[in-house]
Each structure stands twice: as structure tokens, then as C-alpha cells.
Amino acid sequence: MKVSILNKIFKVKRREFFIGIFALGTFPKIVLSDQSTIKHMMRSQFLGSDDAPIKIKEYFSLTCGHCANFHKNTLPRLKNKYIDKGKIQLEFVDYPLDRLAVIAAALARTLPSDEGYVKAIDILLQKQKQWAYSKKPLEDLYSIAKLFGVSSKEFDEIKKNIPLMQEIINKMEEESKNFNIESTPTFIINNEHKISGALSFKEFETKLL
């Protein structure tokens, strides 16, 4: 998804922009998380071996159709041929482009294990049309959250966890400055080369060679 509003957002503090979005939502109270808990939730998430010679960062939004396309059609083949064989390590970097994507990212970050996060990202993108484009997206997002064992009370707390959402936005802001991210999905290879767009497996593979 092309980030058409990013230039405008960069002219103001993105932090203030998103806090403004949160303020427009229904957050009757703020659920505070201590810093150690937030730090644990914000730990880096990977697929593949730490010893892989090729390190790729993927910047994605859970409401981005192009990101869903990549995860459905390209990532499985990339995983089979490169990630599972120790040639590539893929790091997931949350880059939410709207309030709903921030809440979905917070949901995935709240799950206790690394496997839980990775599985949640996969399911949320596989089922993206069921919740991100529905008339009642939060209700439908909760329907998926139940698959992860999240109760109604826990989901309400996730929606109110402003400190966690703020850290997600802070990380997004930091990564934007480091790599000039302008669209999702974007991939940074070994902190040097940038690939943008939901490329087919063959197109993506060509960029790696």
C-alpha cells in the first residue's frame, strides 16, 4: 500500500498524529503496562535462524492488502526454499497505517510467545478481508482474537493499552527515519538494500540474487 499521506505526517510528529486518532476512539480508560512488560511485548520477532547469511526486515500493516498478498502467495515459498533451510532470517516490523492496524498489532504483540505473535500475524493477514474491511471491524477482529484464546475482557484491555500502541508507533517512527519507508510492504535486506511492493516469489527471488 502506498503511503500517500506520509509526507504530510512527516511534517508533524507522527506520535501526536496517532495519539489524536486514539483520542477520537472509544477508550474509557487507559490500561497501563509497566515498562518491563511493554519491553517484552515489543521484542523483535523472527522467522528463521540467527545464523542465516541474509537478514530481511519486513515492514507491513495488518490492514494492507498488498501485505496480505505477500503473506499468502510469496512468503510460503520463501519460507520453504530459504527460511527453513537457514539461508534467510525474516524479521517482522509492525508498520500500522491506521488505527485498526495499530489495535491488531497490539493484539499480536500481547500474545505471550514468539510463536503466538507469528501465528497471529499469519492468521490476521490470511483472514484480513473478514475483519479489516467489514462494517464492524473491531467485532470481527475480536472473533479472530478468540482463536488465540483472548477473552472479551482481555480484548477490551488490549484496545485500551495506549502505552503498548504508543511503543508500536514509536518503533514505526524510528524505522521510518532509518530506512525512509514509503510503502508497505517494504523489505530491507542486510540493512542495505530496499525492496518495495507485494512481489511474486520469482520477482522477490531475483532481487535476492
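Residues numbered from 1 in each chain as written. Predicted model: local features only at pLDDT ≥ 70, side-chain atom pairs only at ≥ 80, totals over all residues. Heavy atoms only, no water.

Counting 61 residues, the largest nonpolar core has Leu 62, Leu 78, Trp 131, Leu 141 and Phe 204 as the members making the most contacts within it. In terms of residues, this core owes the most to one element, helix 5 (residues 99-110), which gives eight residues. Sequence-distant contacts of Trp 131, defined by excluding residues within four places in its chain, comprise Leu 62, Thr 63, Leu 100, Ala 104, Leu 124, Pro 137, Asp 140, Leu 141 and Ile 144. (Core = buried A, V, L, I, M, F, W, Y, C linked by side-chain atoms within 4.5 Å. Buried < 20%, exposed > 50% of the residue type's maximum accessible area, 1.4 Å probe, protein only. Helix = DSSP H or I, 4+ residues; strand = E, 2+ residues; numbered from the N terminus. Contact = heavy atoms within 4.5 Å.)

Glancing now at the confidence of the model for the protein. Taken over all residues, the pLDDT of the protein has a mean of 86, while the share at 70 or more is 84%. Low pLDDT (under 50) marks residues 3-32, which in the prediction has 50 contacts with non-local residues, meaning those over four places away or in another chain. (pLDDT = per-residue confidence, 0-100.)

Turning to the environment of Ile 56, a few remarks are in order. Residue placement: Ile 56 occurs in strand 2 (residues 54-60). A relative accessible area of 2% places Ile 56 in the buried class. Considering only alpha carbons, one finds Ile 56 and Asn 190, 134 residues apart in sequence, at a separation of 6.1 Å. Apart from residues no more than four positions distant in its own chain, Ile 56 is found in contact with Ile 88, Gln 89, Leu 90, Glu 91, Phe 187, Ile 188, Ile 189, Phe 204 and Leu 208.

With that settled, consider the sheet that holds strand 5 (residues 193-196). Taken together, five strands build an open sheet; the order of strands is 1-3-2-4-5 and the sheet is mixed. In this open sheet, the two edge strands, each paired with only one partner strand, are strand 1 (45-47) and strand 5. This sheet shows a mean twist of 25° between the axes of neighbouring strands, independent of strand direction. With four bridges joining them, strand 4 (residues 186-189) and strand 5 adopt antiparallel strand pairing. Within strand 5, the residue paired with Ile 188 across the bridge is Lys 194. (Pairing = 2+ DSSP bridges. Axes fitted to C-alpha atoms, helices over the stretch in contact; angles between N-to-C directions.)

By the burial criterion, the buried members of helix 11 (residues 201-208) are Phe 201, Phe 204, Glu 205 and Leu 208. For helix 11, the arc enclosing every buried residue in end-on projection is 100°, short of the 170-degree limit, so these residues lie on one face. Of the exposed residues in helix 11, those oriented more than 90 degrees away from the buried face are Lys 202, Thr 206 and Lys 207. Looking at the packing, one finds that the buried side of helix 11 touches strand 2, helix 4 (65-83), strand 3 (88-94), strand 4 and strand 5. (Arc of directions from axis to C-beta.)

Next up on the list: the packing of helix 4 against helix 11. Between helix 4 and helix 11, whose axes approach to 9 Å, the crossing angle comes to 50°. Classified by the angle their axes make, helix 4 and helix 11 are oblique. Regarding helix 4 and helix 11, the two cross each other, and that crossing is right-handed. Contacts between helix 4 and helix 11 pair Phe 70, Thr 74, Arg 77, Leu 78, Lys 81 and Tyr 82 from the former with Phe 201, Phe 204, Glu 205 and Leu 208 from the latter. Residue composition of the contact of helix 4 with helix 11, grouped by class: six nonpolar, one polar and three charged. (Parallel < 35°, antiparallel > 145°, perpendicular 65-115°, else oblique. Left-handed = near helix turned anticlockwise from the far one by under 90°. Nonpolar A, V, L, I, M, F, W, Y, C, P; charged D, E, K, R; others polar.)

Moving on, we come to the pairing of strand 4. Of the two faces of strand 4, the one holding Thr 186 and Ile 188 and the one holding Phe 187 and Ile 189 are both buried throughout. Counted along the chain from strand 4 to the antiparallel partner strand 5, the turn is three residues long, and its residue Asn 190 has a positive phi close to 50°.

Let's shift gears to the pattern of salt bridges. Counting across every chain of the model gives seven salt bridges. Ionic pairing is found between Lys 119 and Glu 115, a salt bridge with its closest N-O pair at 3.8 Å. With Lys 119 and Glu 115 both in helix 6 (residues 114-126) and four residues apart, the pair spans about one turn of that helix. With a shortest N-O distance of 3.4 Å, Asp 156 and Lys 159 are connected by a salt bridge. Of the two residues, Asp 156 and Lys 159 are both situated in helix 9 (residues 152-159); the distance of three residues between them amounts to about one turn of the helix. The class for Asp 156 is partly exposed, based on a relative accessible area of 29%. Note on Lys 159: relative accessible area 22%, which makes it partly exposed. (Salt bridge = Lys/Arg side-chain N within 4 Å of Asp/Glu carboxyl O.)

Residue position: Ile 83 is located in helix 4. Here Ile 83 falls in the buried class, since its relative accessible area comes to 4%. For Ile 83 and Ser 49, which are 34 residues apart along the polypeptide, the C-alpha to C-alpha distance reads 7.6 Å. The contacts of Ile 83, once residues within four sequence positions are left out, are Leu 47, Gly 48, Leu 75, Leu 78, Ile 88 and Leu 90.

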